[in-house]
Amino acid sequence: MHKTITGFSKLSKSQKIDWIVDTYFKNNDDAKIILKQYWNSNEKLQQLHDEFIENTITNYYLPFGVAPNFLINGKIYTIPMAIEESSVVAAASKAAKFWLDRGGFKAKVISTTKIGQVHFTYDGETKELITAFNELSQKFYDDTSTITKSMKKRGGGILDIEFKNKTKELDNYYQLHATFETIDAMGANFINSCLEQFATTLKTYAETNLSGNLNIIMSILSNYVPNCLVRAEVSCKVEELTENDGISPQSFAEKFIQAVKIAEIEPYRAVTHNKGIMNGIDAVVLATGNDFRAIEAGIHAYASRSGQYRSLTQASIDKGVFKFWMEIPLALGTVGGLTSLHPLVKLALEMLDKPSAKELMKIVAVAGLAQNFAALRSLTTTGIQEGHMKMHLMNILNQFKATPEEKEQLISHFKTNAVNHSAVVETLEALRRVKHQ
Ligand code: MEV
């Protein structure tokens, strides 16, 4: 069977599955059954999901969990999280509860602007381009007025357009570097539409007014949003840092701060430290229908802004007060995209009291900070394996198709015994042997 095919996208969903099964699974019906058992019996709902992307053959489920008891700026939230990694939701809930008793989280949005660029080359004189840019400065706004009309009504739009000469870094390379406010929309479509219009306006002008060749390379928003920034913070008196596996509050605070400092100066640690933060961030971003790849790219770039990849969080003790905080860029939307299409996304946003994009920025940042607090708290006290392996136990039990009865017995056994893969398998086998005797 050939593994290439033309016209695949034109096949029906069942025909696509048939081709996959014929080509990769030797016509094995099991593959077909697995693919089809994830179809939703509600045809309308299934069609909705089918149409999110091209060539859909089935659905891919992730657990959708919630972490309750998040006190943020005096308001209680139950935070929805879509994530496959065991212990992330448990850790978030634990951190939420810990800070609920200590004043909760404070969060504030520092800035909300986004960037888009038209990248182009010009082989004539730079001064001609400067004249062109000055002559077009109003026309860029006029030509995009139909695109910006409703965004302007909501208080957003194009804030600024700059001309940038980048020829020192790359021959003949220039930019239109534009700043946007997109209010509650993530804004990718809005920004990209404006940019493509800027490019057309510029190209049209160039054809009749410039002596050299102007070539539009591309027009695209930037996912680097260092001016769409949110800050999340917790603080309490050091003596309130109790319940840390017998470690005194002062030692805990000092060890915790040392752990943050290590992530500040050591990139190998910083990446894992920040990955833990992203466990919280991505889970909420995904549950609320936002683009986690854009968020990831933007945040990691921000973590490298000094020229070295560093911790996103910081911690201090000042006059007996422990403070732990983070500032991160987050370009999020609560309107547009999946937010009004995906029923679970709608539900997630409703659970969060239909937040504005700014409110969602705060909630997501808090989820990231909470996750990092939980991770560092475990790492600097008991270690993470104890908690992780307890959660992992369930995965192993499911892998070996443990019955509810077996699960109960093994969970009870591993309350006092260290969990590892072979210990779980051996205990389960021993239990099954006893049963069959
Ligand atoms: C695991 O998903 C995340 C952690 O490794 C984060 C960290 O080390 O800080 C626990």
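Check the entry above for the structure.
Residues numbered from 1 in each chain as written. Predicted model: local features only at pLDDT ≥ 70, side-chain atom pairs only at ≥ 80, totals over all residues. Heavy atoms only, no water.

Asker: What's the story with the overall build of the chain in this structure? I'm lost.
Answerer: Helix and strand content of the chain: 15 helices and 10 strands. Each of the three principal axes of the chain carries a C-alpha extent, and together these read 90 × 70 × 40 Å. Within the chain, contacts between residues separated by at least 24 positions form 70% of all contacts whose residues are at least 6 apart in sequence. Split by element, the accessible area of the chain, about 22900 Å² in all, is 52% carbon and sulfur. Mean positive and mean negative side-chain charge positions of the chain (48 and 47 charges, respectively) differ by 3 Å. (Helix = DSSP H or I, 4+ residues; strand = E, 2+ residues; numbered from the N terminus. Contact = heavy atoms within 4.5 Å. Areas by Shrake-Rupley, 256 points an atom, 1.4 Å probe, with all protein chains shown as cover. Lys, Arg positive; Asp, Glu negative; His and termini not counted. Charge placed at Lys NZ, Arg CZ, Asp CG, Glu CD.)

Asker: Explanation requested: the packing of helix H6 (residues 145-153) against helix H7 (residues 188-209) in the structure shown.
Answerer: If you want to describe how two helices pack, look at the angle between their axes and the distance between the axes. Interhelical geometry of H6 versus H7 gives an angle of 145° and a closest axis separation of 10 Å. As for the relative orientation of H6 and H7, their crossing is left-handed in sense. Touching Ile147, Thr148 and Met151 of H6 are Phe190, Ser193, Cys194 and Gln197, all from H7. Across the contact of H6 with H7, the residue classes tally to 4 nonpolar, 3 polar and no charged. (Axes fitted to C-alpha atoms, helices over the stretch in contact; angles between N-to-C directions. Left-handed = near helix turned anticlockwise from the far one by under 90°. Nonpolar A, V, L, I, M, F, W, Y, C, P; charged D, E, K, R; others polar.)

Asker: Honestly, the pattern of salt bridges in this entry has me stumped. Any pointers?
Answerer: Where side chains of opposite charge bring their charged atoms close, a pairing between them can arise. Per the stated rule, a full pass over the model turns up 15 salt bridges. Its salt-bridge partner being Lys13, residue Asp50 comes within 2.9 Å of it at the nearest N-O pair. Residue Asp50 is located in helix H3 (residues 43-50), and its partner Lys13 is located in helix H1 (residues 13-24); the two are separated by 37 residues in the primary sequence. Each member of the pair, Asp50 together with Lys13, is buried. Residue Glu169 is joined to Lys166 by a salt bridge in which the shortest nitrogen-to-oxygen separation is 3.6 Å. Take Glu169: its relative accessible area is 60%, and that puts it in the exposed class. Because the salt bridges share partners, they merge into one network encompassing Glu405, Glu406, Arg432 and Lys435. (Salt bridge = Lys/Arg side-chain N within 4 Å of Asp/Glu carboxyl O. Buried < 20%, exposed > 50% of the residue type's maximum accessible area, 1.4 Å probe, protein only.)

Asker: Sorry, what's going on with helix H9 (residues 267-287) here?
Answerer: Two residues of an α-helix separated by three or four positions point the same way, owing to the 3.6 residues in each turn. A rise of 1.5 Å per residue sets the reference length of H9, with its 21 residues, at 30 Å; its end C-alpha atoms lie 29 Å apart and thus fit the reference within 8%. Approximately 30° is the largest bend angle found in H9, and it occurs at Met278. The N-terminus of H9 is capped by Glu266, whose side-chain oxygen sits 2.9 Å from the backbone nitrogen of Tyr268. Gly289, located one to two residues past H9, shows a positive phi value of around 75°. (Expected span 1.5 Å × (residues − 1). Bend = angle between axes of the 7 residues up to and from the residue. Polar contact = N/O pair within 3.5 Å; in protein donor to acceptor, adjacent residues only side chain to side chain.)

Asker: Got a minute to help me understand the layout of surface pockets in this structure?
Answerer: It is a probe the size of a water molecule, rolled over the atoms, that shows where empty space is left. Looking at the largest pocket, its volume works out to about 1500 Å³. Lining the largest pocket are 42 residues, and of these Phe52, Gly289, Leu338, His342 and Val345 lie nearest its centre. Looking at the lining of the largest pocket residue by residue, the class counts come to 23 nonpolar, 16 polar and 3 charged. Ala91, Ala374, Ala375, Ser378 and Ile384 are, among the 32 residues lining the second largest pocket, the residues nearest its centre. Counting residues per element, the ones that place at least two in the lining of the second largest pocket are helix H4 (88-100), H9, helix H12 (357-379) and helix H13 (385-399). No other element matches H12, which puts 7 residues into the lining of the second largest pocket. Tallied by class, residues from the lining of the second largest pocket come to 9 nonpolar, 14 polar and 9 charged. (1 Å grid on protein atoms, 1.4 Å probe; cavity = no way out; pocket = protein on both sides within 12 Å on 5 of 7 lines; lining within 4 Å. Points joined across faces, edges and corners; volume = space filled by probe spheres on them.)

Asker: Help me out: how do you make sense of empty space enclosed by the protein in this one?
Answerer: Taken as a whole and assessed by the stated rule, the structure comprises 1 cavity of 30 Å³ or more. Along the walls of the largest cavity sit Lys114, Met186, Leu221, Ser222, Asn223, Val225, Ala294, Ile295 and Ala331, which together make up its complete lining. A breakdown of the residues in the lining of the largest cavity according to their chemical character gives 6 nonpolar, 2 polar and 1 charged.

Asker: Quick question: what am I supposed to make of the sheet that holds strand S7 (residues 214-221) here?
Answerer: Hydrogen bonds between backbone atoms are what pair the strands of a sheet, whose relative direction is either parallel or antiparallel. Taken in spatial order, the 4 strands of this open sheet run S5-S6-S4-S7, and their pairing is antiparallel. The open sheet has two edge strands, strand S5 (157-165) and S7, and neither has a second partner. Looking at each pair of strands side by side, their axes are set apart by 20° on average, direction ignored. Bridge count for strand S4 (residues 113-122) against strand S6 (residues 173-181) is 9 bridges, and the pairing is antiparallel. Across the sheet, Thr113 pairs through a bridge with Glu181, a residue of S6. (Pairing = 2+ DSSP bridges.)

Asker: I would appreciate a short explanation of the site of the ligand in the present structure.
Answerer: The environment of the ligand is formed by Glu85, Arg269, Thr272, His273, Lys275, Gly276, Asn279, Ala375, Leu379 and Ile384. Within the side chain of Arg269, one N or O atom sits 2.7 Å away from an oxygen atom of the ligand. A distance of 2.6 Å separates an oxygen atom of the ligand from a polar side-chain atom of Lys275. About the coverage of the ligand: the protein hides 88% of its 300 Å² of free accessible area. In this structure the site holding the ligand corresponds to the second largest pocket. Sort the elements by how many residues they give to the shell around the ligand and H9 lands first, with 6 residues. Split by residue class, the shell around the ligand holds 3 nonpolar, 4 polar and 3 charged. (Near = heavy atom within 4 Å. Sits in = over half its atoms within 2 Å of the grid points.)

Asker: Sorry, what's going on with the sheet that holds strand S8 (residues 229-237) here?
Answerer: The antiparallel open sheet is built from 4 strands, whose spatial order is S3-S8-S10-S9. Two strands bound the open sheet, and with one partner strand each, they are strand S3 (106-109) and strand S9 (313-318). The average undirected angle you get between the axes of adjacent strands in this sheet is 20°. Pairing of S8 with strand S10 (residues 321-329), which is carried by 9 bridges, proceeds in the antiparallel orientation. In the strand pairing of S10, Ser235 is matched with Lys323.

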